[in-house]
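Survey of secondary and tertiary structure
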Amino acid sequence: MRHIAIALVILSLAGEHVAAQRPDTTGFVHAAAKSPASVRRNAKREAEQRRRRVDFLSARALSPNAAFVGKPKPLWGATMLTSGDEQTIYLLQRRTVSSEPEVHARWDDLVMIRSGDGAIQLGDSLAGSRYRAPGERIGGVLVNLQEIVVHGGDIVRIPAAVPHAFIVSGTVPLTYLVIKQRRQELPIRWFGDPK
């Protein structure tokens with residue numbers, strides 16, 4: 001009987017020693033035990049927090065003489081800012097030559113002309129264009145062409161799926177800010193070139 005009692009004490013002490021050396025996995029077990037409903041609630045909460053973030057572009061960042069980290073001049077044509085929910089993109093453009101026609105299936109373009117003179121050509125459709133990305137086509141010819149003459153200070157909204165091109169007139173570059181707003185309810189019309 002005495003041998004059994006000693007064995008039980010030894011096993012008990014050994015068990016405590018092993019338990020003390022084990023890593024704490026309570027957080028892991030808790031994370032793994034989350035229900036799908038809890039995961040969905042957390043994802044919705046995170047998406048709502050991203051949606052509520054304020055977008056800010058300072059006038060200094062938009063200045064033609066702005067100094068960017070590692071780059072002495074503005075990032076013309078590059079994305080300056082993407083909103084937290086990735087539904088809005090801000091681009092600063094400077095054109096010395098006219099653009100090719102383009103069309104976006106799901107993006108409204110709000111164009112704010114900063115300087116220069118030119119025009120925005122619009123059409124009902126885009127004939128002979130080529131695939132650029134899902135929902136994006138470029139090139140070709142605008143069908144049923146209309147033109148809006150623009151000057152510094154003008155604002156134009158180009159709805160999604162309206163083909164358009166930017167035309168530079170004169171020798172002064174046309175500079176403008178484009179705020180692209182995603183329209184989720186619209187279908188992506190073009191997935192690639194037909195074979």
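Our subject is the structure listed above.
Residues numbered from 1 in each chain as written. Predicted model: local features only at pLDDT ≥ 70, side-chain atom pairs only at ≥ 80, totals over all residues. Heavy atoms only, no water.

Right, let's talk about the nonpolar core for a bit. If you look at the biggest cluster of nonpolar residues, it comprises 15 residues, and the most contacted ones within it are V111, I113, I120, I158, F166 and Y176. Listed by contribution, the elements that provide at least two residues to this core are β2 (88–95), β4 (107–115), β5 (117–122), β11 (155–158), β12 (164–168) and β13 (174–182). Aside from chain neighbours lying at most four places away, what touches I120 is V111, Q146, E147, I148, V150, V156, I158, H164, A165 and F166. (Core = buried A, V, L, I, M, F, W, Y, C linked by side-chain atoms within 4.5 Å. Buried < 20%, exposed > 50% of the residue type's maximum accessible area, 1.4 Å probe, protein only. Helix = DSSP H or I, 4+ residues; strand = E, 2+ residues; numbered from the N terminus. Contact = heavy atoms within 4.5 Å.)

Spatially, β1-β2-β13-β4-β11 is the arrangement adopted by the 5 strands of the open sheet, whose pairing is antiparallel. Unpaired on one side and paired on the other, β1 (79–82) and β11 mark the two borders of the sheet. On average, each strand axis in the sheet is tilted by 20 degrees relative to the strand beside it, whichever way the strands run. Pairing geometry for β4 and β11, over 4 bridges, is antiparallel. The residue of β11 that forms the bridge with L110 is R157. (Pairing = 2+ DSSP bridges. Axes fitted to C-alpha atoms, helices over the stretch in contact; angles between N-to-C directions.)

With that settled, consider the pattern of salt bridges. Across all of its chains, the model carries 7 salt bridges by this definition. Across the pair E100 and R130 runs a salt bridge whose closest N-O atoms are separated by 3.1 Å. Of this pair, E100 sits in the loop between β2 and β3 (102–104) while R130 is found in strand β7 (residues 130–133), placing the two residues 30 residues apart along the sequence. Using a relative accessible area of 40% as the deciding quantity, one classes R130 as partly exposed. Note that D108 is salt-bridged to R157, the shortest N-O span being 3.3 Å. (Salt bridge = Lys/Arg side-chain N within 4 Å of Asp/Glu carboxyl O.)

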